[in-house]
Amino acid sequence: MSSNVVWHKHEVNKVTRADSLNQQPRVIWLTGLSGSGKSTMANLLEKKLHAQGKHTYLLDGDNIRHGLCGDLGFSDKDRVENIRRISEVAKLFVDAGVIVLTAFISPFQADRTFCRSLLSEGEFVEVFVDTPLEVCEQRDPKGLYKKARNGEIKHFTGIDSAYEAPSSPEIHLTYREEKAEETAERLFNLLLEKGLV
Ligand SMILES: Nc1ncnc2c1ncn2[C@@H]1O[C@H](COP(=O)(O)OS(=O)(=O)O)[C@@H](OP(=O)(O)O)[C@H]1O
Ligand SMILES: Nc1ncnc2c1ncn2[C@@H]1O[C@H](COP(=O)(O)OP(=O)(O)O)[C@@H](O)[C@H]1O
């Protein structure tokens, strides 16, 4: 569609912006079922990074679907488009030097790989929030699983819509029965061990 459009190279660029913010920009991409804890983890992680003086931005599924992706539903096609747009936005934030946290179900491996492909080596950090469906359904923070089981919501992830678990995420956050703050601490330490925060 975008023919006859030429890319402009600017002198103030990703490297200079990251240098002036004194940080390594990245995308910390949380993926998992609804209710797995993506938003809770992203929020607590952002607080920790913010407290360290890092420049961050959190892109969250529910919020983005009110604006940028407000025209999209939950068919496979719309989910692909949702993640494509988010990926492009995340790339712009990385270009601005920011550490981006994302909290989307992002059920398809190909779409997560697409986001990875937009970024440089090491800039895409896939975090699998691996909370079992039974736990997510028991938590049911928004009452959506109940509605999905009653047939009030169609194409609900994990019920009648697919979720492709990451095969080799940078971080595999396994489930433990513990407080959210403890899980966030575990996540932070895993990122720290790998030099990703
Ligand atoms: N059918 C269906 N399936 C899954 N989720 C649904 C659905 N309908 C509404 N919701 C609510 O939308 C949130 C998921 O949006 P995402 O943008 O993360 O989804 S996706 O990545 O495009 O699959 C999801 O938020 P989280 O619970 O935070 O994951 C739900 O609150
Ligand atoms: N260890 C934990 N980690 C994350 N969330 C937890 C944990 N224990 C309980 N919860 C609760 O589970 C729910 C997870 O919901 P949310 O973060 O919105 O998930 P998602 O964004 O993946 O849909 C929240 O109500 C949160 O308080």
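Looking at an unreviewed UniProt entry, one finds the protein named Adenylyl-sulfate kinase and attributed to Alteromonas pelagimontana. As its UniProt record puts it under Pathway (unreviewed entry), the protein is described as follows: "Sulfur metabolism; hydrogen sulfide biosynthesis; sulfite from sulfate: step 2/3."

A. The pattern of salt bridges, seen in detail. Following the criterion strictly, the structure yields twelve salt bridges and no others. Arg 17 is paired through a salt bridge with Asp 95; the nearest N and O atoms lie 3.1 Å apart. Of the two residues, Arg 17 sits in helix α1 (residues 14-21) while Asp 95 sits in helix α4 (residues 76-95), which places them 78 residues apart along the sequence. Since its relative accessible area comes to 34%, Asp 95 is described here as partly exposed. Between Glu 81 and Arg 84 there is a salt bridge whose closest N-O contact spans 2.9 Å. Here the residue Glu 81 and the residue Arg 84 both occupy positions in helix α4, the gap between them amounting to three residues, near one helical turn. Look at the salt bridges and you will find they share partners, linking Asp 71, Glu 81, Arg 84 and Arg 85 into a network.

B. Up close: the UniProt feature "domain: APS kinase" (unreviewed entry) in the protein. Using the residue numbers shown here, the UniProt feature "domain: APS kinase" (unreviewed entry) corresponds to residues 25-173. Counting secondary structure, residues 25-173 comes out at 42% helix and 17% strand; the distance between its end C-alpha atoms is 22 Å.

C. Molecular detail of unusual backbone geometry. At Asn 22, a residue that is not glycine, the phi angle is positive and equals roughly 60°. Inspection of the secondary structure assignment puts Asn 22 in the loop between α1 and β1 (26-31). Taking the relative accessible area as the measure of exposure, Asn 22 reaches 67% and is therefore exposed. Look at Ser 106: it is not a glycine, yet its phi comes out positive at around 40°. Structurally, Ser 106 can be placed in the loop between β3 (99-103) and α5 (109-118). Here Ser 106 falls in the buried class, since its relative accessible area comes to 2%.

D. Looking closely at the packing of aromatic side chains. Per the counting criterion, the structure on display carries five aromatic pairs. Measuring from centroid to centroid gives 6.2 Å for Trp 29 and Phe 104, while their planes differ by 35°, and the two rings are tilted. Here the residue Trp 29 occupies a position in strand β1, and Phe 104 occupies one in the loop between β3 and α5, the gap between them amounting to 75 residues. For the pair formed by Trp 29 and Phe 104, the shared burial category is buried. Among the aromatic residues, those joined into a cluster by ring pairs are Trp 29, Phe 104 and Phe 124. Sitting above the plane of the Phe 74 ring, Arg 65 keeps its charged end 3.8 Å from the centroid.

Parameters and conventions
- Residues numbered from 1 in each chain as written.
- Chains lettered and ligands numbered in written order.
- Predicted model: local features only at pLDDT ≥ 70, side-chain atom pairs only at ≥ 80, totals over all residues.
- Heavy atoms only, no water.
- UniProt positions renumbered as here; feature names shortened; annotations may be inferred.
- Salt bridge = Lys/Arg side-chain N within 4 Å of Asp/Glu carboxyl O.
- Helix = DSSP H or I, 4+ residues; strand = E, 2+ residues; numbered from the N terminus.
- Buried < 20%, exposed > 50% of the residue type's maximum accessible area, 1.4 Å probe, protein only.
- Phe/Tyr/Trp six-rings, centres within 6.5 Å; stacked < 30°, edge-to-face > 60°.
- Lys NZ or Arg CZ within 6 Å of the ring centre and 35° of its normal.

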